[in-house]
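Here's the letter readout for the chains.
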Amino acid sequence: LGPPLMGFPAKLLWVIEEATEMVARAHQITDIKGFLINWLTGRAVTDPSSGPGAKSWWDPVFEFIGWPVERLPHILMATESAGGLQAGLAHRVGLKPGLPVFTGVNDGAAATLGSGAVNLLDSVITLATNGACRIVVPNRLDPKIILARHLFSWPFVGEYWICGGFN
């Protein structure tokens, strides 16, 4: 997805190495968005841009770090519903039980989408905590280029990808 130490597998490996006892008790591991989707729907899911960088987890990486992909969230496309809002939670917050919850995209992809950059070669520059430039591209960039130029590349919506870099 980008520089190796920023991705979900690197963070998971760090947790496995640094919090061994806690990890041994874990049934499943996810990121914060996956945790929230699970809390809302009761389903452990994520989208391609938030974790795997593809429509499936890459088995060799997780074999290397010692975590079975069966214990990772199921991957749904950004426009797929993760399920309905759980009844108890819906009643507590005054919403309709079963209200569809969608997986969406990661924060950078959401900023790109929100800016209206949805067509091939549309681009956006975000100046916030980080400065980032993103462009909508037809395919994932070659990983060698991503690493050599310190870029990132995530699945976006439809068949498009986002490529970009930080300041």
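Above this text is the structure in question.
These numbers come from a predicted model, not from an experiment.

A. Just the overall build of the protein, in detail. Summing up its helical and strand segments, the protein has seven helices and eight strands in all. For 167 residues, the compact-globule formula gives about 15 Å, and the C-alpha radius of gyration of the protein, at 17 Å, lands near that figure. Overall, the protein is about 45 × 40 × 30 Å in size when its C-alpha atoms are taken along their principal axes. For the protein, with 167 residues in total, the buried portion stands at 35%. Counting only contacts in the protein whose residues sit at least 6 apart along the sequence, the fraction spanning at least 24 positions is 56%. Carbon and sulfur atoms make up 62% of the accessible area of the protein, which amounts to about 9,900 Å² in all. Taking the 12 positively charged and 13 negatively charged side chains of the protein as two groups, their mean positions are separated by 5 Å.

B. Structural context of the sheet that holds strand β8 (residues 161-166). What the four strands build is an open sheet, ordered β5-β6-β8-β7; its pairing is antiparallel. Each having just a single partner strand, β5 (123-127) and β7 (151-155) make up the two edges of the open sheet. Along the sheet, successive strands turn relative to each other by an average axial angle of 20°, direction set aside. With six bridges connecting them, strand β6 (residues 131-137) and β8 associate as antiparallel partners. Each bridged residue has a counterpart across the sheet, and for Ile135 the counterpart in β8 is Cys163.

C. Geometry of unusual backbone geometry. Even without glycine at this site, Leu121 takes up a positive phi of about 75°. With respect to the helices, strands and loops of the structure, Leu121 is situated in the loop between α6 (107-114) and β5. The residue His150 is not glycine, and still its phi comes out positive at about 55°. The residue His150 is located in the loop between α7 (143-148) and β7 in this model.

D. Representation of the nonpolar core. By size, the foremost hydrophobic cluster in this structure holds 11 residues: Phe8, Leu12, Ile16, Val23, Ile29, Trp57, Phe62, Ile65, Trp67, Leu72 and Ile75. Contributing elements (two or more residues each) for this core: α1 (8-18) and α4 (59-65). With residues near it in sequence (within four places) discarded, Val23 still touches Val15, Ile16, Ile29, Trp67 and Arg71. Membership of the second largest hydrophobic core comes to nine residues, among which are Val105, Val136, Trp154 and Ile162.

E. Representation of the pairing of β5. Looking at chain direction, β5 and β6 are connected through five bridges and run antiparallel. The residue of β6 that forms the bridge with Thr126 is Ala132. Between β5 and the antiparallel strand that follows it, β6, lie three residues.

Thresholds, definitions, all that
Residues numbered from 1 in each chain as written. Predicted model: local features only at pLDDT ≥ 70, side-chain atom pairs only at ≥ 80, totals over all residues. Heavy atoms only, no water. Helix = DSSP H or I, 4+ residues; strand = E, 2+ residues; numbered from the N terminus. Rg over C-alpha atoms; globule rule 2.2 N^0.38 Å. Buried < 20%, exposed > 50% of the residue type's maximum accessible area, 1.4 Å probe, protein only. Contact = heavy atoms within 4.5 Å. Areas by Shrake-Rupley, 256 points an atom, 1.4 Å probe, with all protein chains shown as cover. Lys, Arg positive; Asp, Glu negative; His and termini not counted. Charge placed at Lys NZ, Arg CZ, Asp CG, Glu CD. Pairing = 2+ DSSP bridges. Axes fitted to C-alpha atoms, helices over the stretch in contact; angles between N-to-C directions. Core = buried A, V, L, I, M, F, W, Y, C linked by side-chain atoms within 4.5 Å.

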